Amino acid sequence: MATTGEQYVDHELLVPEFIERRMYQLQLAGSAKDAHTLVCLPTGLGKTTVSLLVTAERLADAGGKSLFLAPTKPLVQQHTDFYREALDVPDDDIAMFTGEVSPDDRAELWKRAQVVIATPQVVENDLVGSRVDLRDVTHLTFDECHRATGDYAYNYIAERYHQDAADPLVTGMSASPGGDEEEILDVCENLGIQNVEVMTEDDSDVSEFTHDTEVEWERVELPDEILEIRDALNEVVEDRLGKLKQLGVTRKTSADLSETDIKKMRAQLQQLIDNDQSEGFKGMSALAEIRKLRTAVTYVETQSVEALRRYFERQRNAARSSGASKASQRFVSEPKVKEAMRRAEEYDGLHPKYSRARIRIAETLGIEGGERVIVFTESRDTAEALTEFLGQHFDTQRFVGQGDKEGSDGMTQKQQQETLDRFRGGEFEVLVSTSVAEEGLDVPEVDLVLFYEPVPTAIRSIQRKGRTGRQAEGKVAVLLAEDTRDEAYFWISKRREDEMEDELRKLKGVADEVEEELDDSQRRLADFDGGPGGSGGSGGTDGPAGPAGGDSESGPDSDVEPGLESFAASDSDDGASAGSETADATRTADATETGGGDDGVVATARPDEGTVEIVADQRELDSTIARDLSTREGIETRLETLAVGDYVLSDRVVVERKSVSDFLDTLTGGDRSLFEQLGDATRHYARPILILEGEGLYEERNVHPNAIRGALSSLAVDFGASVLRTRDEDDTADLLEVVATREQEVDDREVSVHGEKQSKTLAEQQEYVVASIADIGPVTARSLLTEFKTVEAVMTARKDDLMEAEGVGEITAERIREVVGSDYDE
C-alpha cells in the first residue's frame, strides 16, 4: 500500500482524491456507521471527516437526509464549505440554516436538500413550529456534543430524532466530552448514544498526524501600584462581607471568595426574602456589590489596568442611568472605590502581562521565524486593549463575538470569516481573540498560542491548545500573575485536564461498560425499531478497541475497517461516478415532494386526521411548554408571531398565559397590559382563557386577597375570560393538550388564528367574515361559501336556502338569519 498522503478515500458520493486516507478515521467511521456513537478525537485530527464518511455511506445506502448541527454560525459556515468541497453532490443540495435564513426559506430548503448544516436553536424552533420533519433524516451529527447538558437544544432535538426518524443514526463529536465518566455518560444519555469510540494522541495511527505541543507557564509579578489598587477594592469586599456575616448568611471575612461561597450566600439570602424578611433584600444588594468588586479585582489582577478603567467607566454610566440599582450607585460612590478609580486613571505603566506578551510574540515572529500567533483572552475589554497595544509593534487584528458591547462593536459572521481568511492568507501576524474562536473553528496553523490568562475549564483549555501542533511542532504559553486568581485557575485547569485525559484513556474501547451504565430509559430512547445498532450498540463490540497495532499496511478489506469496507484506497480517477444514479434518485424524490401551505397564518385544516394542532406564539419559546407539546403523540405545534394571545387551541379558544408573579405585577405596578390583552382576546375569540401558572397566588406578595379576587372577577365578568390555574409549565402543557383535544376532536372545531397583523388572502378574508356570523366557525363558513359563492349571497339567502349547504341545520340557519336580518339595537 502506498504511503498516507498518496492515497485517498474512494466513495461514490465523495469528490475523488479529496479526503486523505487515514486509518484511524476509517476505524472510527466504521464503528459510527453501525451504532449511535460518540467520537472522541483530539482537536485538529478530523472529527468532521469521520462524520462526513458516515454521512456519505448513509446517503448511499439508506438515502434520506443528513443533518449536521454545530453550536455557532461561524462553525456552521465552516462545515458547510467543507461538505460542499468534499461531497460529490450539487452545492444547492447542501443547505445552511442559521437565524439569518427566514423560517419560510428554511422550510423550502429542507424539502429539497440532501444535507442540512444548522445551528441547534434554529432546528429546535423549526421542529416546535412543525416546519421540518426528521422522519427521513438518516444521519444526525452533533458537533461539540459536550454541550448536550441541561436545557441545551441538542437534548430536545435528539429526543425528537429518536422519536420521529424512521431509520435514525446519531454521531456525537468532541475533543473533550466531559471532565469525568459521569459527565460523558450524561452526554450519551441525552443524545441516545450507545457506543463510545476514543482515540488519543498516544494511538499509533493518530500519533503519525500529531506533533508535540509544548506548554509553558510564565509567571509574572505585579508591581506595587497594581497591588495597591487591588487591596483597596478588597477592603470594600471585606466590609460588605462583614454586613452579610451580621445577617448570619456567611462566616467569611476574607475577600478570597470562591464562586461556591457566593452561591451559598445567595441561597441563604433568597430564603430570607422568601420568608418576607427585609434583611434579605438588603443582603442581596450587598452581595451584588461584592460581585461588582470581585470583577474589578479580577480585571486589575489578571487583565490590565486599561481593562479596569473601561470597567469603571461602564459602572459610572450604569449608576447615572435611570433605574440604576442601589448596588451600582453605592459601588461608584464608595470612597475606597473612588480612590481605586483615581489610581487606575493615574497609572501610566504597562501591566507586566502586556510586556511579556509582546516579548513572547517578538521571539516567535522574529528570532524563531514564525508567521502567525493567536492570543486568547477571556475579556472583550482586554481583547480591545491588547489589539491596540500589540498593533503598535505587530500587524494585529481582533476576533470577537457578534454582540455589541459598550465601547466595543461586535463582528458580523461575514467579518469573522473575512478576518480568518486574511489571517490564513498571511495578511497579518497576530490574532487577538476572545472565546469565540475556541470551539472547533478552523483557525489556521499557528506557531504560538498565547493564553493571556489560565482557563479554569478543561474543555476550553483543550480546545484552545488544539489550535497549534497540527502540521508541525507548536508552542502554547500561558501568562500567570503570581499571588492572584490566576494561580487558582492554573491549578483548577491542570487538575481538570489531567482528570479528563485519565477518563478518556479509561473510556477507550469500553463501549460495553458504557452501555451497561446507561439506564433502561436511555436504552428505550436509543433502540427504536429500525435504528442502527438496535441490538445494543454492536459497533462497540466489533469495532476497534484502540490503535490498529501498527497494522497500517493492511488492505482496504482489512478487519481494521469494520463496517466501512466500501471506503477503499483510490488508485484511479473514476471512482466517484458509480453512485450518481442513487444520488440523483434521492434528489429527485426530494425535489418532487409536495408541500408548502397557504400564505398567511390562518390554519384552515389540521395536517392529519387524529392530529391536534396547537399554535404557539414565538415568544413562548422562552418556556418549555411548546417544546414539550411538540414531543407528544398526536400533537402538532406551529409557531407564529401572534397578535392576540400566547396559544390558539381552536377557532374560538385563545389562551393568555401568565405566571403568578407576572399577574401580581399588574396589580402592584400599575401595568394594565393584561387587561388590554384579554380585551383583544375577547374581541377576536369567543372563549378566551387566562392560565395563571404557579403557586402562592395569595401568599407570594403583600397584596390584599380582595384585590386579587377583584381582578379575577373583572377578568371573568367584564372580559368573559375563563381563569384556570396550573402548578407549573408541565401542568400548563397538560391543560393545553386537554383543551385543544376537546375543541378539535370532541367538538370538531378547527384552528383559526384571528387578529393577526399579516394580510390574508381574499378567500381567507371571505371565510373570516362568514365564520364570524353567530359563531358558526370556519368549517360551516367554507360550506356556505362553496354553496353560495359570495359573501353577499350568504348574507341575503333565505333560511330554506341556507339549509341546503352541507352542515347547516335549521337552528344554524335561524341564527344566521337573526344576525343578518335583525335591526341593530344599542
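Right above here is the structure, for reference.
A brief structural summary. Computed from a predicted structure; not experimentally measured.

Parameters and conventions
Residues numbered from 1 in each chain as written. Predicted model: local features only at pLDDT ≥ 70, side-chain atom pairs only at ≥ 80, totals over all residues. Heavy atoms only, no water. Patch = residues over 30% accessible without salt bridge, like charges linked within 9 Å, V, L, I, M, F, W, Y side chains within 5 Å. Areas by Shrake-Rupley, 256 points an atom, 1.4 Å probe, with all protein chains shown as cover. Salt bridge = Lys/Arg side-chain N within 4 Å of Asp/Glu carboxyl O. Lys, Arg positive; Asp, Glu negative; His and termini not counted. Charge placed at Lys NZ, Arg CZ, Asp CG, Glu CD. Helix = DSSP H or I, 4+ residues; strand = E, 2+ residues; numbered from the N terminus. Pairing = 2+ DSSP bridges. Axes fitted to C-alpha atoms, helices over the stretch in contact; angles between N-to-C directions. Contact = heavy atoms within 4.5 Å. Phe/Tyr/Trp six-rings, centres within 6.5 Å; stacked < 30°, edge-to-face > 60°. Buried < 20%, exposed > 50% of the residue type's maximum accessible area, 1.4 Å probe, protein only. Core = buried A, V, L, I, M, F, W, Y, C linked by side-chain atoms within 4.5 Å. Arc of directions from axis to C-beta. Polar contact = N/O pair within 3.5 Å; in protein donor to acceptor, adjacent residues only side chain to side chain.

1. Describing a negative patch on the surface
Item 1. Taken together, the side chains of Glu-221, Asp-224, Glu-225, Asp-348, Glu-482 and Asp-483 make up a negatively charged region of the molecular surface.
Item 2. Relative to the helices and strands, Asp-348 resides in the loop between α14 (335-346) and α15 (352-367).

2. Comments concerning the sheet that holds strand β2 (residues 37-40)
Item 1. Here we have seven strands laid out as an open sheet, ordered β4-β5-β3-β6-β7-β2-β8, and parallel in their pairing. With one partner strand each, in any of the chains shown, β4 (94-97) and β8 (195-198) form the two edges of the open sheet. Here the strands of the sheet are splayed against their neighbours by 15 degrees on average, with no regard to which way each runs.
Item 2. With four bridges connecting them, strand β6 (residues 137-143) and strand β7 (residues 170-174) associate as parallel partners. Bridging across to β7, Phe-142 finds its partner in Gly-172.
Item 3. Against the sheet, helix α3 (residues 73-86) touches β3 (65-69), β4, β5 (115-118) and β6, its axis set at about 175 degrees to β4.

3. Thoughts on the packing of aromatic side chains
Item 1. Tallied over the full model, the rule gives 14 aromatic pairs.
Item 2. Relative to Tyr-154, the ring of Tyr-152 lies with its centre 5.0 Å away and its plane at 80 degrees, an arrangement referred to as edge-to-face.
Item 3. Owing to a relative accessible area of 17%, Tyr-152 belongs among the buried residues under this scheme.
Item 4. A relative accessible area of 0% means that Tyr-154 is categorised as buried.
Item 5. Aromatic side chains Phe-423 and Phe-428 sit 5.1 Å apart centroid to centroid with 25 degrees between the ring planes, which places their arrangement in the stacked category.
Item 6. You can call Phe-423 buried: its relative accessible area is 0%.
Item 7. Grouping aromatic residues by their ring pairs yields a cluster made of Phe-18, Phe-68, Phe-82 and Tyr-83.

4. Quick notes on the pairing of strand β17 (residues 635-640)
Item 1. Of all six residues making up β17, five are buried, and the element is well covered by its neighbours.
Item 2. Alignment of strand β16 (residues 612-617) against β17, held across six bridges, turns out to be parallel. Its bridge partner being in β17, Val-612 is matched across the sheet by Ile-635.

5. Overview of the nonpolar core
Item 1. Among the nonpolar cores identified, the biggest contains 57 residues, and Leu-67, Leu-69, Phe-142, Ile-157, Leu-191 and Leu-649 are the most heavily contacted of them.
Item 2. In terms of residues, this core owes the most to one element, helix α6 (residues 153-164), which gives six residues.
Item 3. Leaving out residues up to four positions away in the same chain, Leu-69 has contacts with Ala-118, Thr-119, Pro-120, Val-123, Leu-140, Thr-141, Phe-142, Asp-143, Tyr-154 and Ile-157.

6. Considerations on helix α29 (residues 762-771)
Item 1. Along α29, the positions that sit buried rather than exposed are Glu-764, Glu-767, Val-770 and Ala-771. Taken around the axis of α29, the buried residues stretch over an arc of 130 degrees, which confines them to a single face.

7. So, the side chain of Gln-744
Item 1. Counting through the fold element by element, Gln-744 comes out in helix α28 (residues 729-746).
Item 2. In this structure the side chain of Gln-744 is engaged in a polar contact, spanning 2.6 Å, whose partner is the backbone oxygen of Glu-613.

8. So, the sheet that holds strand β18 (residues 647-648)
Item 1. Spatial ordering of the open sheet is given by β17-β16-β18-β19-β20-β21, a layout of six strands whose pairing is mixed. Here the strands that pair on one side only, and so sit at the sheet edges, are β17 and β21 (722-726).
Item 2. Here strand β20 (residues 687-693) pairs with β21 via five bridges, running parallel. Bridge pairing links Leu-690 to Val-723 in β21.
Item 3. The strands touched by helix α26 (residues 673-684) within the sheet are β19 (653-659) and β20, with β19 carrying the most contacts at an inclination of about 170 degrees.

9. Notes on the pattern of salt bridges
Item 1. Tallying each qualifying case throughout the model produces 53 salt bridges.
Item 2. For Asp-167, the salt bridge identified is with Arg-58, shortest N-O distance 3.4 Å. Taken as a pair, Asp-167 in the loop between α6 and β7 and Arg-58 in helix α2 (residues 47-62) lie far apart in primary sequence, 109 residues in all.
Item 3. Relative accessible area serves as the criterion here: at 9%, Arg-58 is assigned to the buried category.

Geometry only, nothing functional implied.
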